[in-house]
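# Structural description and commentary
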Amino acid sequence: MELKIIKTENKKAKPQGALGFGKYFSDHMFIMEYADGKWQNARIQPYQELHLQPSASVLHYAQGIFEGAKAFKTKDGKIRLFRLNDNLDRMNDSAERLCMPTFDKKFVYDAIKQLILIDEDWIPTDEGTALYIRPAMIATEPALGVHASKSYLMFVIVGPVGAYYAHGLAPVKLLVEEHYVRAAKGGTGGNKVIGNYAASMKAGENAQAKGYDQAMWLDAKYHRYVEEVGAMNIFFVMNGIVYTPALRGSILPGITRRSAIAILKSHGYKVRECNVDIRKVAEAAENGTLGEIFGTGTAAVISPVGLFGYKGKDYVVNGGNMGEISKMLYNELTGIQNGRLPDKHGWVDIIKE
Ligand SMILES: *Cc1c(COP(=O)(O)O)cnc(C)c1O
């Protein structure tokens, strides 16, 4: 397939001051259409509105998926992409789960590369900033029957982002959610599908109304085994061993999670992917064997947890401070991403020298 490039005549002004997360988008976007059984009309075009029928099936039945990745630019002008291939693999997995068409990974990878190079001057260079890459695919068939759409749009938008949390790496407070669940085995929790997020907001708002930052999710069956935090994977350090919930269908297979596990192992830490019982975690907090808790995700990278509330009781984690392992992981991951540290794992694609 050919990639058409239509450049804008009206470049937007760049944002001034704090970038925040996901508020600004560059001058161009990638888009392609699926119809008559094939992807077609692939183009990079000026960032613009989509035209959809009010009957477009994504608006009614949430047949839609997305991804999140980052590109980095160092002061020397090099542009680095972090593990984008893994995001595109995961997106094709999500597509299969929702009966959506998969795509040629190499074609889309190259298109994203070209988009980033065209909008290169949108990549921020300050410490902690990045160009966030948001691929998405939506069902566009104008029909209200509940069935897989015959037509789709796939697009990629990019934009500069700063720190995910307004107060930087300050540890967050979590409320263990005992009523609502994010995902059940056999459902869509293991895929980045848009409907998961609408269903998760209630718990986040409940937590915030009670003075916490986010919900810690438990499994759907026993309400006992930890699954994730907000939209991040979660790690616990107990007795010096690092635990993270095993991927068993209801947990999103995070690329930051996978990267963190690899870094931890390369530093000689014992990492166990298994069930993590929230009652054992509370016990460990009480008897002093709980070291740290942290979340992992592309947006925040590492998010230390300073406290969690469970059954009406608050448990302070690591004195409310960011722990040594969290610091090491944040330093290694961001170092590999921005070129401060060598890329021993082969995760980085330098797309401009
Ligand atoms: C995207 C996401 C993550 C983190 O995945 P990364 O690939 O590390 O960004 C974790 N949990 C949920 C629910 C997510 O949507």
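Above this text is the structure in question.
### Quick look at the overall build of the protein chain
Helix and strand counts for the protein chain stand at 7 helices and 18 strands. A globule of 353 residues ought to have a C-alpha radius of gyration of about 20 Å, and the protein chain, at 21 Å, matches this closely. For the C-alpha atoms alone, the extent of the protein chain along its principal axes is close to 60 × 55 × 35 Å. Relative to its 353 residues, the protein chain shows a buried fraction of 53%. Nonlocal contacts in the protein chain, meaning residues at least 24 apart in sequence, comprise 70% of its contacts between residues at least 6 apart. When the accessible surface of the protein chain is summed, it comes to about 16000 Å², and 50% of that surface belongs to carbon and sulfur atoms. Once the 43 positive and 38 negative side-chain charges of the protein chain are each reduced to a mean point, those two points are 3 Å apart.

### Digging into the environment of S326
Within the secondary structure layout, S326 lies in helix α7 (residues 324-338). On a C-alpha basis, the gap between S326 and I302 in space is 6.7 Å, while along the polypeptide they are 24 residues apart. Not counting residues within four places of it along the chain, the set of residues in contact with S326 comprises E292, F294 and I302.

### Quick notes on the pairing of strand β6 (residues 79-82)
The alternating pattern of β6 places I79 and L81 and R80 and F82 on opposite faces, both of which are buried. Relative to β6, strand β5 (residues 69-73) is paired through 3 bridges, and the arrangement is antiparallel. Paired with F72 across the bridge in β6 is R80. Here β5 folds back onto β6 in antiparallel fashion, the turn holding 5 residues, of which G77 has a positive phi close to 90 degrees.

What counts as what
- Per chain, residue numbering runs from 1 following the sequence as it is written.
- For this predicted model, a pLDDT threshold of at least 70 governs which residues receive local features, and a threshold of 80 or more governs which side-chain atom pairs are given and counted, while totals over whole chains, interfaces and linings are taken from all residues.
- Derived side-chain values reflect all non-hydrogen atoms in the structure, with water molecules and hydrogen atoms excluded from consideration.
- Runs of H or I in DSSP of at least four residues are treated as helices and runs of E of at least two as strands, each being numbered from the N terminus.
- For the radius of gyration, the atoms used are the C-alpha atoms, and the globule rule reads 2.2 Å times the number of residues raised to 0.38.
- Exposure is judged per residue with a 1.4 Å probe applied to protein chains only, and the accessible area is read against the type maximum: over 50% gives exposed, under 20% gives buried, and values in between give partly exposed.
- For this analysis, residues touch if any pair of their heavy atoms sits within 4.5 Å.
- All accessible-area figures derive from a Shrake-Rupley calculation using a 1.4 Å probe, and residue coverage is judged against the displayed protein chains alone.
- For the charge count, each Lys or Arg is scored as positive and each Asp or Glu as negative, with His and the chain ends excluded.
- Working definition for charges: the position is that of NZ of Lys, CZ of Arg, CG of Asp or CD of Glu.
- By this definition, two strands are paired if DSSP reports at least two bridges between them.

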